[in-house]
Amino acid sequence: MKMAIKSGDQVVVIAGKEKGKQGRVMEIDAEKNRITIENVNMVTKHQKPRSQQDKGGKITKAAPIDASNAMVICPVCGKATRVGHRVIEGEKVRSCKKCNGSLDKKFVKQTKKEVKKTEKTAKKVEAQEKSVTKTTEAKTPAVKKVTSETKAKTAAKSTAAKKSTKKVSDEK
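Residues numbered from 1 in each chain as written. Predicted model: local features only at pLDDT ≥ 70, side-chain atom pairs only at ≥ 80, totals over all residues. Heavy atoms only, no water.

> In this structure, what is going on with the pairing of strand β7 (residues 70-73)? I would like to understand it.
Strand residues, when the strand is regular, have side chains that alternate between the two faces of the sheet. In terms of strand pairing, strand β1 (residues 10-13) meets β7 through three bridges, oriented antiparallel. Looking at the pairing, Val 11 lines up with Val 72 of β7. When β7 meets strand β8 (residues 80-81), the two strands line up antiparallel, connected through two bridges. Along β8, the bridge assignment pairs Ile 73 with Ala 80. (Pairing = 2+ DSSP bridges. Helix = DSSP H or I, 4+ residues; strand = E, 2+ residues; numbered from the N terminus.)

Okay, structure coming up:
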């Protein structure tokens, strides 16, 4: 069975007692769907000396975990991601589902350049949108102030007019 995770990938454990730990994949057992990650799921093994020269004792080593409990960390965006596939230069390549960057070392540099270009254009668009919203926001409060001031003035005028009409009618 093919696996989305390959030996040498940087992964993060997403489930189990080692949740949140990161490390590099050392071994893969595709038949059992298990992976061994360095410094994750460390177990202690008591080993007997095999010969006069060997020393026995406690040995700590990484034990395999199920592959479904780990996610690949994208080298381009640095986030844990699911693995997709796409074709680059006629080859099927593993890619990040979040940033569409390549997970295979051969194509990482190319996709990093592409991602940087798209990020720059996105930042430019955001800056333009912010400047447009700032100018409209700057105009709208002034308009609101003018309208509230004019409302206050007209209200004061109308109350003054009512009072003057009452005085005139009382005098008659």
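> Whenever I open this one, the sheet that holds β1 confuses me. Can you help?
In space, the six strands of this open sheet follow the order β6-β3-β2-β1-β7-β8, with antiparallel pairing throughout. Each edge of the open sheet is held by one strand with a lone partner, namely β6 (65-66) and β8.

> Explanation requested: the state of the cysteines in the structure shown.
What we call a disulfide is simply a covalent bond connecting the sulfur atoms of a pair of cysteines. As enumerated under the stated definition, the model contains zero disulfides in all. Cysteine Cys 96 shares no disulfide, and the gap to the nearest cysteine sulfur, in Cys 99, comes to 3.7 Å. Using a relative accessible area of 1% as the deciding quantity, one classes Cys 96 as buried. Its sulfur unpaired, Cys 99 is 3.6 Å from the next cysteine sulfur, which belongs to Cys 74. (Disulfide = S-S within 2.5 Å. Buried < 20%, exposed > 50% of the residue type's maximum accessible area, 1.4 Å probe, protein only.)

> Honestly, the environment of Asp 29 in this entry has me stumped. Any pointers?
Its place among the elements puts Asp 29 in strand β2 (residues 22-29). Remark: the alpha-carbon pair of Asp 29 and Asp 66, spanning 37 residues in sequence, is separated by 9.6 Å. What Asp 29 contacts, discounting residues up to four positions off in sequence, is Met 3 and Arg 34. (Contact = heavy atoms within 4.5 Å.)

> Mind showing me how you'd approach the nonpolar core here?
Side chains of a nonpolar character, in soluble globular proteins, are inclined to be buried together. Core analysis: the largest hydrophobic core is formed by 17 residues, its most contacted members being Ile 5, Val 11, Ile 35, Ile 37 and Ala 70. Of all the secondary-structure elements, those providing two or more residues to this core are β1, β3 (34-37) and β7. When neighbours within four sequence positions are excluded, Ala 70 is seen to be in contact with Ile 5, Val 11, Val 12, Val 13, Ile 14, Ile 35 and Ile 37. (Core = buried A, V, L, I, M, F, W, Y, C linked by side-chain atoms within 4.5 Å.)

> Which parts of the structure should I look at to understand a positive patch on the surface?
Taken together, Lys 45, Lys 48, Arg 50 and Lys 61 make up a surface patch of like positive charges. Looking at the secondary structure, you find Lys 61 in strand β5 (residues 57-62). Lys 61 sits in the partly exposed class, given a relative accessible area of 43%. (Patch = residues over 30% accessible without salt bridge, like charges linked within 9 Å, V, L, I, M, F, W, Y side chains within 5 Å. Areas by Shrake-Rupley, 256 points an atom, 1.4 Å probe, with all protein chains shown as cover. Salt bridge = Lys/Arg side-chain N within 4 Å of Asp/Glu carboxyl O. Lys, Arg positive; Asp, Glu negative; His and termini not counted. Charge placed at Lys NZ, Arg CZ, Asp CG, Glu CD.)

> Can you walk me through unusual backbone geometry in this structure?
Excluding glycine, residues mostly have negative phi values, and the peptide bonds linking residues are mostly trans. Here Asn 41, not a glycine, exhibits a phi torsion of approximately 60 degrees, which is positive. Looking at where Asn 41 falls in the secondary structure, it is placed in the loop between β3 and β4 (42-47). Since its relative accessible area comes to 12%, Asn 41 is described here as buried. Of note, the phi angle at Asn 100 is positive, near 65 degrees, even though the residue is not glycine. On the secondary structure map, Asn 100 appears in the loop between β10 (91-96) and α1 (108-171).

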